[in-house]
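The primary structure of each chain is shown beneath.
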Amino acid sequence: MSKANSIKNLQQALSMELTACHQYQLHAAVLDDWGLDLLAAKMREEMQEELGHSEKYLERILFLKGNPALTLQKAPVRAESLADLFKSDLEDEKEAIEFYTAASQQAANDSDIGTRTLFESIVLDEEGHMAWLELQLDLIQRMGEPAYIAKHMSA
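Residues numbered from 1 in each chain as written. Predicted model: local features only at pLDDT ≥ 70, side-chain atom pairs only at ≥ 80, totals over all residues. Heavy atoms only, no water.

## Let's talk about the UniProt feature "binding site: Fe cation 2" (unreviewed entry) in the protein
To keep it simple, the criterion reads: UniProt positions are given in the numbering used here, feature names are shortened, and annotations may be inferred rather than shown by experiment. The helix and strand labels rest on DSSP assignments: H or I over at least four residues marks a helix, E over at least two residues marks a strand, and numbering proceeds from the N terminus. The contact definition used throughout considers only heavy atoms, calling two residues in contact when any of these lie within 4.5 Å. When a residue's accessible area, from a 1.4 Å probe over protein chains only, is under 20% of the maximum for its type it is buried; when over 50% it is exposed; and in between it is partly exposed.
Mapped onto this structure's residue numbering, the UniProt feature "binding site: Fe cation 2" (unreviewed entry) falls at Glu50, Glu93, Glu126 and His129. A maximum C-alpha distance of 11.1 Å is found for the annotated residues, which run over 80 residues; spatially they form one tight group. Structurally, Glu50 is set in helix H2 (residues 37-63). Setting aside chain neighbours within four positions, we find Glu50 in contact with Glu17, Ala20, Cys21, Tyr24, Glu93, Glu126 and His129. Looking at Glu93, the relative accessible area reads 4%, which means it is buried.

Structure, rendered in structure tokens:
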């Protein structure tokens, strides 16, 4: 089993998940500022799930005797509208799915079943995120932003 490819891919995934965690944290704060407390709470749930993913990647790197670096892939960006918020997250989820799928295939080729299984299980979570984001964009388009907003605020 080649650990080098797995550690490299796990490190990139760790950076991607830490970035996602901070991106969702920023979204939650912005949504609270916009008065969309229910949607902000959902973003905090997503943040916690991404944090859990990062923890799994961190643990796997350590298991493989790697030296994890807790770095962000890119800086979080403040969205100017709900549609922009969901579109940017959707692109990030698609990027993660593509990378994690390729990383799982690389791990399988290297006979690293544990890493392959980890990437595959997280891809399934990311596909769920992707579907939710696509639904939100569809709802905004069908309902209009004002009606969508009214459904995501408690006041």
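## Some thoughts on the packing of aromatic side chains
Note on aromatic pairs: each is described by the distance of the centres and the angle between the planes. Convention followed: Centres within 6.5 Å are what make two rings of Phe, Tyr or Trp a pair, Trp counting through its six-membered ring; a difference in plane orientation under 30 degrees is then read as stacked, over 60 as edge-to-face, and the rest as tilted.
The tally for this structure, following the rule as stated, stands at 7 aromatic pairs. Arranged with centres 6.5 Å apart and planes meeting at 90°, the rings of Phe99 and Phe119 form a pair that is edge-to-face. With Phe99 in helix H3 (residues 82-109) and Phe119 in helix H4 (residues 113-143), the pair connects residues that are 20 residues apart, well separated along the chain. The buried category is assigned to Phe119, whose relative accessible area is 0%. Among the aromatic residues, ring-to-ring pairing joins Tyr57, Phe99, Tyr100 and Phe119 into one connected group.

## Points about the environment of Glu120
Among the structural elements, Glu120 can be located in helix H4. With a relative accessible area of 36%, Glu120 lands in the partly exposed category. Separated by 17 residues in the primary sequence, Glu120 and Ala103 have C-alpha atoms spaced 9.0 Å apart.

## Section: the nonpolar core
Stated precisely, the cut-off is as follows: Among the buried residues, those of types Ala, Val, Leu, Ile, Met, Phe, Trp, Tyr and Cys that are joined through side-chain atoms within 4.5 Å form a nonpolar core.
Of all hydrophobic cores here, the largest spans 19 residues; its most connected members are Leu31, Leu39, Met43, Leu82, Leu85, Phe86 and Tyr148. Listing elements by their share of this core, those giving two or more residues are helix H1 (3-33), H2, H3 and H4. Here this core takes 5 residues from H3, the largest share from any one element. Look past the residues within four positions of Tyr148 in its chain and what remains in contact with it is Leu39, Leu82, Phe86, Gln136, Leu139, Ile140 and Met143. Core analysis: the second largest hydrophobic core is formed by 18 residues, Leu10, Met16, Leu64 and Ile122 among them.

## A closer look at the side chain of Thr19
To keep it simple, the criterion reads: Polar contacts here mean pairs of N or O atoms no more than 3.5 Å apart (in protein, one a potential hydrogen donor and the other a potential acceptor; neighbouring residues in sequence count only if both atoms are side-chain atoms).
By secondary structure assignment, the location of Thr19 is in helix H1. Among the polar contacts made by the side chain of Thr19, one reaches the main-chain amide nitrogen of Gln73 at a distance of 2.6 Å. Contacts of Thr19, omitting those with residues within four sequence positions, involve Leu72, Gln73 and Lys74.

## Notes on the side chain of His152
With respect to the element layout, His152 can be found in the segment after helix H5 (145-151). Side-chain polar atoms of His152 contact the backbone oxygen of Tyr148, separated by 2.8 Å. Not counting residues within four places of it along the chain, the set of residues in contact with His152 comprises Leu36, Asp37, Leu38, Leu39 and Gln136.

## Considerations on H4
Applicable threshold: How far a helix is expected to stretch is found by multiplying one less than its residue total by 1.5 Å.
Between its first and last C-alpha atoms H4 spans 45 Å; for 31 residues at 1.5 Å apiece the expected length is 45 Å, and the two agree. Residues of H4 that are buried include every one of Thr115, Leu118, Phe119, Ile122, Val123, Glu126, His129, Leu133, Gln136, Leu137 and Ile140, and no others. Those residues of H4 that are buried are in contact with H1, H2, H3 and H5. One or two positions beyond H4, positive phi appears at Gly144, with a value near 90°.

## Observations concerning H3
For H3, built from 28 residues, the straight-helix expectation of 40 Å at 1.5 Å per residue is met to within 8% by its first-to-last C-alpha distance of 41 Å. Count one or two residues on from H3 and you reach Ser111, which has phi positive near 60°.

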